[in-house]
Amino acid sequence: MSVMKNRAVLRWLVPVTAGVAVIGGGAAVGTFAAGADPALPPRSAAQLLEDLRTSRLDGLSGTVVQRADLGLPPIAALAGQATGNDLAGLVSGTHTLRVWYGGEDRQRLALVDTLGEQDILRNGRDVWTWNSRENTATHRKLPADAPDRATVPATPADAADRALEAIDPTTAVTVGRTATVAGRAAYELVLTPRDRASLVHQVRIALDAKEHVPLRLQVLADGQDEPAFQVAFTQVDFRTPEADQFRFNPPPGVKVTEATEGERPGPAGKRFDKKDAEKPDVRTVGTGWTTVVVAKIGDAATGGDAKPGADAPDAQMLAGVLGDLPKVSGDWGSGRLLSGKLFSVLLTDDGRVIAGLVTPERLYEAAKG
């Protein structure tokens, strides 16, 4: 069980699934450089986990930079265009965002790129998204019984939460070197999968020595010396932001859409209703770091049989992107493979998507079932 399972504040702080905006590469990458390792009193892995579990955070603001080098073909950006998700390019390159946290029901995320800005704000039960490029905004009201949990994802801590959920006999937990992150001294907690089928070599979590909040998370792929994925604060302030930071004032001329019950605001101001969020038939194979997810999504997984709307330009683009993936086959069947430094995805011709932080061989084993 994650040591932060019941920590709503830490579940909110997540970097990966939130879109972030691309910035100029060189300057942002340079912010990750650290000086000499700070001298800190020794702490065991168990003590660091307890520090993390018992930490309290009333407020925070800062700048987060993410860098991803997953060894993927340029499929992600194309797939994002095809699906209408402008933020899918997150899986490569360098990205930055500003975050504010004022409690479990007050959060804000600002994504800025050369073409505009996107904001997501939660203030009590009100959740706003704003897209400056399209000059649109969406507002929705959370139900009164909505749980206090992350509405606006943002930084290293929930990525750490996800990693810590994998702590079990399949994981070695050790203490690494001390570090300086965003000008603050930090301890380093190191998670190492024991199963050689995992493509993850190590996950390194830098914890603020005073506040015990994750300041940086690095994921190293097997056989690689540099992180394939890294998200870190480059500037952080643990004072509670002013209330004005969480109030949304629509700019002049902005088109505001009220989301009805069952709808949620999507990326770039787009709206999704309940039917968009329906889950396919999903099961898992294995445990821990080598868990494989198997989803049945239909016969068009690899661009095969057409479905209603398949003649739309976006669907044609997506089918073309998937069609460029290498073909693979075996006693499990046939399909196409997307592989990177940290994960593999198999799209079978019979309409299954099989994915995990594992070698393709492990996916083929799962496909037999």
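From a predicted model like this one, the values you see are computed outputs, not experimental measurements. (Residues numbered from 1 in each chain as written. Predicted model: local features only at pLDDT ≥ 70, side-chain atom pairs only at ≥ 80, totals over all residues. Heavy atoms only, no water.)

**Student:** What am I meant to see in the overall build of the protein chain here?
**Tutor:** Counting its regular elements, the protein chain contains seven helices and 22 strands. Going through the 369 residues of the protein chain one by one, you find that 46% of them count as buried. Excluding contacts between residues fewer than 6 apart, the proportion of contacts in the protein chain whose partners are at least 24 apart in sequence is 61%. (Helix = DSSP H or I, 4+ residues; strand = E, 2+ residues; numbered from the N terminus. Buried < 20%, exposed > 50% of the residue type's maximum accessible area, 1.4 Å probe, protein only. Contact = heavy atoms within 4.5 Å.)

**Student:** Is there a simple way to explain the packing of aromatic side chains in this structure?
**Tutor:** As enumerated under the stated definition, the model contains two aromatic pairs in all. Aromatic pair Trp-128 and Phe-248: ring centres 4.8 Å apart, planes at 35°, arrangement tilted. On the criterion of sequence distance, the pair formed by Trp-128 in strand β6 (residues 126-131) and Phe-248 in the loop between β13 (229-237) and β14 (255-258) is long-range, its members being 120 residues apart. Residue classification places Phe-248 among the buried positions, given a relative accessible area of 14%. With centroids separated by 5.3 Å and ring planes inclined at 10°, the aromatic side chains of Trp-332 and Tyr-364 adopt a geometry described as stacked. One end of the pair, Trp-332, is in the loop between β19 (327-330) and β20 (333-339); the other, Tyr-364, is in helix α7 (residues 360-368), with 32 residues separating them in the sequence. Taken individually, Trp-332 and Tyr-364 each receive the classification buried, so the pair is uniform in this respect. (Phe/Tyr/Trp six-rings, centres within 6.5 Å; stacked < 30°, edge-to-face > 60°.)

**Student:** What am I meant to see in the pattern of salt bridges here?
**Tutor:** Between side chains of opposite charge, a pair can form as their charged atoms come close. Considering all chains together, one arrives at 15 salt bridges under this definition. Asp-51 is the salt-bridge partner of Arg-43, the closest N and O atoms lying 2.8 Å from each other. Residue Arg-43 is classed as partly exposed on the basis of its relative accessible area of 29%. Residue Arg-352 is joined to Asp-350 by a salt bridge in which the shortest nitrogen-to-oxygen separation is 3.1 Å. (Salt bridge = Lys/Arg side-chain N within 4 Å of Asp/Glu carboxyl O.)

**Student:** I keep staring at the confidence of the model for the protein chain and nothing clicks. Help me out?
**Tutor:** Within the protein chain, residue pLDDT values average 75, and 68% of them lie at 70 or more. Per-element confidence in the protein chain ranges from a low mean pLDDT of 26 for strand β1 (residues 21-22) to a high of 96 for strand β9 (residues 179-181). For residues 75-89, every residue scores under 50 in pLDDT, and the model assigns this stretch 27 contacts once sequence neighbours within four places are set aside. Segment residues 265-272: pLDDT under 50, and 29 contacts once partners within four positions in sequence are set aside and those in other chains are kept. (pLDDT = per-residue confidence, 0-100.)

**Student:** Would you mind going over the sheet that holds strand β18 (residues 292-296) with me for this structure?
**Tutor:** Hydrogen bonds between backbone groups are what pair the strands of a sheet, and the pairing can be parallel or antiparallel. Judged by pairing direction, the sheet is antiparallel, and its six strands sit side by side in the order β17-β18-β22-β21-β20-β19 without closing on themselves. At either margin of the open sheet sits one strand with a lone partner, and together these are β17 (281-285) and β19. Here the average twist between neighbouring strands, direction ignored, is 25°. (Pairing = 2+ DSSP bridges. Axes fitted to C-alpha atoms, helices over the stretch in contact; angles between N-to-C directions.)

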